[in-house]
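# Notes for the structure review
Here's the letter readout for the chains.
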Amino acid sequence: MPQTVKKHTEERMEKAILSLKRDLSSLRAGRATPAILDRIQVEYYGAPTPLNQLANITTPDSRTLMIQPWDKSSLSEIERAISKSDLGLTPSNDGSMIRLTIPVLTEERRGELVKSTKKLGEEGKVAIRNIRRDANDEIKKMEKTDISEDESHRHQEDIQKLTDKFIGEVDKVLSAKEKEITEV
């Protein structure tokens, strides 16, 4: 029974890491990647639709993104959605595709991005600690009926080791992203 709790806890912590990686990939790090457009929702025939479902997004070079919509009539809506977003990019529409030029990051902007990276990392750590708390609560409930106090403490120690492992993983992911952001 406690083994299933540990397995479930590990799965939830892995999902928290994946969520953190997905959130970090949408931060602009000075290099053009299609992932920075993942959060963009385009109003398409009255329904908000993810941009990557409406268009082919390519990176011809390290500073440019090309967006080729499958339906050319959606060009203006895509352009509007990008302009409204918090990316700070100006789309240029040539009638059949949209080009986004990623400007070189200023030192000030790099500092802001590192701050938001650290904020996302702290949110990831909080999520992992919440998962630990939930698992420990389940173990304590089992202590009353199914397992001994010693077993309960041993399982809680195992969950703490898992937590430490995943917090270390968050730190590794954060330092890699910070290095990517501060790279000129």
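Residues numbered from 1 in each chain as written. Predicted model: local features only at pLDDT ≥ 70, side-chain atom pairs only at ≥ 80, totals over all residues. Heavy atoms only, no water.

## Considerations on the overall build of the protein chain
In plain terms, the rule: Counting from the N terminus, the helices are the DSSP runs of H or I reaching at least four residues and the strands are the DSSP runs of E reaching at least two. For this measure, only C-alpha atoms enter the radius of gyration; the expected value for a globule follows 2.2 Å times N^0.38, where N is the number of residues. The rule is simple: take the accessible area with a 1.4 Å probe, protein chains only, and divide by the maximum for that residue type; under 20% is buried, over 50% is exposed, in between is partly exposed. Whether two residues are in contact is decided by their heavy atoms, any of which lying within 4.5 Å being enough. For every accessible area listed, the method is Shrake-Rupley and the probe measures 1.4 Å; residues are considered covered only by the protein chains on display. In this tally Asp and Glu are treated as negative and Lys and Arg as positive; neither His nor the chain ends contributes. Where a charge sits is defined by one atom per residue type, namely NZ (Lys), CZ (Arg), CG (Asp) or CD (Glu).
Within the protein chain, the regular secondary structure consists of four helices and six strands. The order of helices and strands in the protein chain, counted from the N terminus, is α-β-β-β-β-α-β-β-α-α. The C-alpha radius of gyration computed for the protein chain amounts to 22 Å, which surpasses the reference 16 Å derived for 184 residues by more than 25%, pointing to a less compact arrangement than a globule. C-alpha atoms of the protein chain, sized along the principal axes, occupy 70 × 40 × 25 Å. Within the protein chain, the fraction of its 184 residues that count as buried is 40%. Pairs at least 24 residues apart make up 64% of the contacts formed inside the protein chain by residues separated by at least 6 positions. For the protein chain, the accessible surface area stands at approximately 10600 Å², while carbon and sulfur atoms represent 50% of it. Both charge centroids of the protein chain, one from 32 positive and one from 33 negative side chains, sit 2 Å from each other.

## A look at the pattern of salt bridges
Our working rule: A pair is scored as a salt bridge if a Lys or Arg side-chain nitrogen falls within 4 Å of a carboxyl oxygen belonging to Asp or Glu.
Scanning all chains against the criterion turns up nine salt bridges. Its salt-bridge partner being R80, residue E77 comes within 2.5 Å of it at the nearest N-O pair. You can see E77 and its partner R80 sitting in helix α2 (residues 75-84), three residues apart, about one turn around the helix. The class of E77 is partly exposed, set by a relative accessible area of 25%. Salt-bridge contacts for E123 lead to K119; the nearest nitrogen and oxygen are separated by 3.6 Å. In this pair, E123 and K119 both sit in helix α3 (residues 107-145), four residues apart, roughly one turn of the helix. Residue classification places E123 among the partly exposed residues on the basis of a relative accessible area of 43%. Owing to a relative accessible area of 55%, K119 belongs among the exposed residues under this scheme.

## Structural notes on the pairing of strand β4 (residues 64-69)
The test is simple: Each pair of strands is called paired provided DSSP finds at least two bridges between the two strands.
The buried fraction of β4 amounts to five of the six residues, a majority that puts the element mostly inside the structure. Two strands pair when backbone bridges link them, and strand β3 (residues 55-61) and β4 are joined in this way by five bridges, in the antiparallel orientation. Looking at β4, one finds that I57 is bridged to I67. As consecutive antiparallel partners, β3 and β4 are separated by two residues. The sheet contact formed by β4 and strand β6 (residues 98-101) spans four bridges and is antiparallel. The residue of β6 that forms the bridge with L65 is L100.

## A short note on the sheet that holds β6
Heads up, the rule is: Axis definition: a line fitted to C-alpha atoms, over the contacting stretch in the case of helices. Angles run 0 to 180 degrees between N-to-C directions.
Read across the open sheet, the four strands follow the order β3-β4-β6-β5; overall the sheet is antiparallel. Each having just a single partner strand, β3 and β5 (91-93) make up the two edges of the open sheet. Across the sheet, the mean angle separating the axes of adjacent strands is 25 degrees when strand polarity is ignored. Across the sheet, α2 is in contact with β3, β4, β5 and β6; its angle to β5 comes to roughly 165 degrees.

## Structural notes on the environment of K172
Mapped onto the secondary structure, K172 falls in helix α4 (residues 149-182). Among the residues examined, K172 registers a relative accessible area of 58% and is labelled exposed.

## Observations concerning the packing of helix α1 (residues 2-25) against α3
The condition is simple: Note that the term roughly parallel is reserved for angles under 35 degrees, roughly antiparallel for angles over 145, roughly perpendicular for angles of 65 to 115, and oblique for everything else. Note on residue categories: nonpolar means Ala, Val, Leu, Ile, Met, Phe, Trp, Tyr, Cys or Pro, charged means Asp, Glu, Lys or Arg, and polar means any other residue, Gly included.
It is the contact of α1 with α3, at a shortest axis distance of 10 Å, that shows an interaxial angle of 170 degrees. Judged by the angle between their axes, α1 and α3 are roughly antiparallel. For the pair α1 and α3, contact is made by P2, V5, T9, R12, M13, A16, I17, L20, D23 and L24 and by T117, L120, G121, I128, I131, R132, D134, A135, E138, I139 and M142, respectively. Taken together, the residues that form the contact of α1 with α3 break down as 13 nonpolar, three polar and five charged.

## Brief notes about the packing of α3 against α4
Each pair of packed helices can be summarised by the angle the axes make with each other and by the distance between the axes. Close contact between α3 and α4 brings their axes to 10 Å; oriented N to C, the two are set at 170 degrees. It follows from the interaxial angle that α3 and α4 lie roughly antiparallel. Taken together, the residues that form the contact of α3 with α4 break down as 11 nonpolar, nine polar and 11 charged.

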